[in-house]
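Results of the structural survey
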Amino acid sequence: MNKENIGHGQATGKIILLGEHSVVYGKPAIAFPFRATALSTTVVPNSVLTLHCQYYSGELAKAPQRLNSVKEVVKQTLLALQQEKVSLDITITSTIPAERGMGSSAAVAVSIVRALYDYFDVTCPSETLLSLVNRAEKIAHGNPSGIDAAATSGHEPLFFIKGQPLESFPMNVSNAYLIVADTGIKGQTREAVSDVAHLFEEDKESTSQHISELGRLTVLAKQAILADDCRALGQIMNQAQEQLEALTVSNEQLDNLIQTARKNGALGAKLTGGGRGGCMIALTDSKNNAEKIAVSLESAGAVATWIQSLGVKN
């Protein structure tokens, strides 16, 4: 273990700009770390392996079922470190709203792995980190794309295709601002992913078209960003939302906030993450407009909003 006899691990939230759901089927997605929300884990010695978080405080072995992914990542990480018999106290603190499509479950796993490796003073290769986190994500979400693990553990935006090497993506759209709004409703990632899979079985041709179109729009979004074309990016976001609605992963609350953002001047707006709740995002071309849209979204029922510049200098 390290000299301090304490381990630290951090992770950020994440936002998917484009490609949610279609990324599960081998299409590209664009995501980036969202530093307005973050999570940290500390590890110290203890007589019993215990966990402290907002949902539970006590012996890890007795943690409720909803924390099975946490149990798994602790177990597998300790096995990887050859320390499976050790007893520790693990404390998690977070400002990432849970079950909102902002990568909270992946961020928890990322921070735990980092904290345990830090505690034992062992360097954790990126491949090992992602492997351990994705094992936990399978328990949390059933069939995860892997993008949450990559985005919550990284420092740069990512162009991501499942099963292929991650590509760092220079996100620098002049004067562009992204507003993120929380519906206040838990996202239904597992159910939404399962329902899209069911749609695929029922009507493969139509569902495949929606999935392919989302992939095509993601490529166009990358091109718009590289061309510094904020308006084109907004139009692409609107088109992506149409495809997500066709896949039945939007809902009334998301639709209401998306329409509110557009009526108040957003260049584009769509859901982000699994859908059926969680968060939506809107794009605008000035900070002043972003602040006005954020106020309108809160008036329309959003329980929280955040603003992040898409330009490197801001």
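Residues numbered from 1 in each chain as written. Predicted model: local features only at pLDDT ≥ 70, side-chain atom pairs only at ≥ 80, totals over all residues. Heavy atoms only, no water.

Overview of the overall build of the protein chain
- Secondary structure summary: the protein chain contains 9 helices and 11 strands in total.
- Against the compact-globule benchmark of 20 Å for 314 residues, the protein chain has a radius of gyration of 20 Å, which places it among compact chains.
- Dimensions of the protein chain, computed from the C-alpha atoms along their principal axes, are close to 55 × 45 × 35 Å.
- By residue count, 54% of the 314 residues in the protein chain fall in the buried class.
- Per element, the accessible surface of the protein chain, about 13,600 Å² overall, is 48% carbon and sulfur.
- In the protein chain, 27 side chains carry a positive charge and 31 a negative one; their mean positions are 2 Å apart. (Helix = DSSP H or I, 4+ residues; strand = E, 2+ residues; numbered from the N terminus. Rg over C-alpha atoms; globule rule 2.2 N^0.38 Å. Buried < 20%, exposed > 50% of the residue type's maximum accessible area, 1.4 Å probe, protein only. Areas by Shrake-Rupley, 256 points an atom, 1.4 Å probe, with all protein chains shown as cover. Lys, Arg positive; Asp, Glu negative; His and termini not counted. Charge placed at Lys NZ, Arg CZ, Asp CG, Glu CD.)

Details of the pattern of salt bridges
- According to the stated counting rule, one finds 9 salt bridges in the structure shown.
- In this structure, Asp-182 and Arg-100 form a salt bridge, with 2.7 Å as the shortest nitrogen-oxygen distance. Of this pair, Asp-182 sits in strand S8 (residues 177–182) while Arg-100 sits in the loop between strand S5 (88–94) and helix H2 (104–119), and the two are 82 residues apart along the sequence.
- With relative accessibility at 14%, the residue Arg-100 sits in the buried group.
- In this structure, Glu-213 and Arg-216 form a salt bridge, with 2.8 Å as the shortest nitrogen-oxygen distance. Note that Glu-213 and Arg-216 are positioned in helix H6 (residues 204–226) at a spacing of 3 residues, about one turn of the helix. (Salt bridge = Lys/Arg side-chain N within 4 Å of Asp/Glu carboxyl O.)

Let's talk about the pairing of S5
- With 7 bridges connecting them, strand S2 (residues 29–45) and S5 associate as antiparallel partners. When the sheet's bridge partners are listed, Thr-41 is paired in S5 with Ile-92.
- Of the strand pairs in this sheet, strand S3 (residues 50–52) and S5 are connected by 3 bridges, and their pairing is parallel. In the strand pairing of S5, Leu-51 is matched with Ile-90. (Pairing = 2+ DSSP bridges.)

Side note on the domain arrangement of the protein chain
- Split into domains, the protein chain comes out as domain 1 (7–168) and domain 2 (177–309).
- Its C-alpha centre places domain 1 at a distance of 24 Å from the equivalent point of domain 2.
- In this complex, domain 1 contributes 33 residues to the contact, which on the side of domain 2 involves 40 residues.
- Its largest share of buried area at the contact with domain 2, domain 1 owes to Leu-18, His-21 and Arg-100, together 25% of the area lost on that side. (Domains from an automatic or database assignment. Contact = heavy atoms within 4.5 Å. Buried area = accessible area lost by both parts, 1.4 Å probe.)

Things to note about the packing of aromatic side chains
- Inspection of every chain in the model, using the stated rule, returns 4 aromatic pairs.
- When the ring of Tyr-25 is compared with that of Phe-200, the centres are 5.2 Å apart and the planes differ by 5°; the resulting orientation is stacked. Of this pair, Tyr-25 sits in the loop between strand S1 (7–18) and S2 while Phe-200 sits in helix H5 (residues 189–202), placing them 175 residues apart in sequence.
- Among the residues examined, Tyr-25 registers a relative accessible area of 29% and is labelled partly exposed.
- On the numbers, 6.4 Å between centres and 40° between planes, the contact of Phe-159 with Phe-169 is tilted. With Phe-159 in strand S6 (residues 158–160) and Phe-169 in the loop between strand S7 (167–168) and S8, this pair connects stretches of sequence that are 10 residues apart. Just as Phe-159 is buried, Phe-169 falls in that class too. (Phe/Tyr/Trp six-rings, centres within 6.5 Å; stacked < 30°, edge-to-face > 60°.)

Some words on the environment of Ala-227
- In this fold, Ala-227 is placed in the loop between H6 and helix H7 (230–246).
- With relative accessibility at 53%, the residue Ala-227 sits in the exposed group.
- Here the alpha-carbon distance between Ala-227 and Glu-191, two residues 36 residues apart in the chain, equals 36 Å.

Concerning the UniProt feature "domain: GHMP kinase C-terminal" (unreviewed entry) in the protein chain
- Taking the numbering used here, the UniProt-annotated feature "domain: GHMP kinase C-terminal" (unreviewed entry) corresponds to residues 223–301.
- Between the C-alpha atoms that bound residues 223–301 there is a distance of 33 Å. The span itself is 58% helix and 14% strand. (UniProt positions renumbered as here; feature names shortened; annotations may be inferred.)

Regarding the sheet that holds strand S10 (residues 279–284)
- Taken together, the 4 strands give an open sheet; going across it, the order is S9-S10-S8-S11, and neighbouring strands pair in antiparallel fashion. Among the strands making up the open sheet, the edge pair consists of strand S9 (268–272) and strand S11 (304–309). Between one strand and the next, the sheet's axes are offset by a mean angle of 20°, whatever the strand orientation.
- With 6 bridges joining them, S8 and S10 adopt antiparallel strand pairing. Bridge pairing in S10 links Ala-181 to Met-280.
- Each of S8, S10 and S11 touches helix H9 (residues 287–299); the most contacted strand, S8, lies at about 10° to it. (Axes fitted to C-alpha atoms, helices over the stretch in contact; angles between N-to-C directions.)

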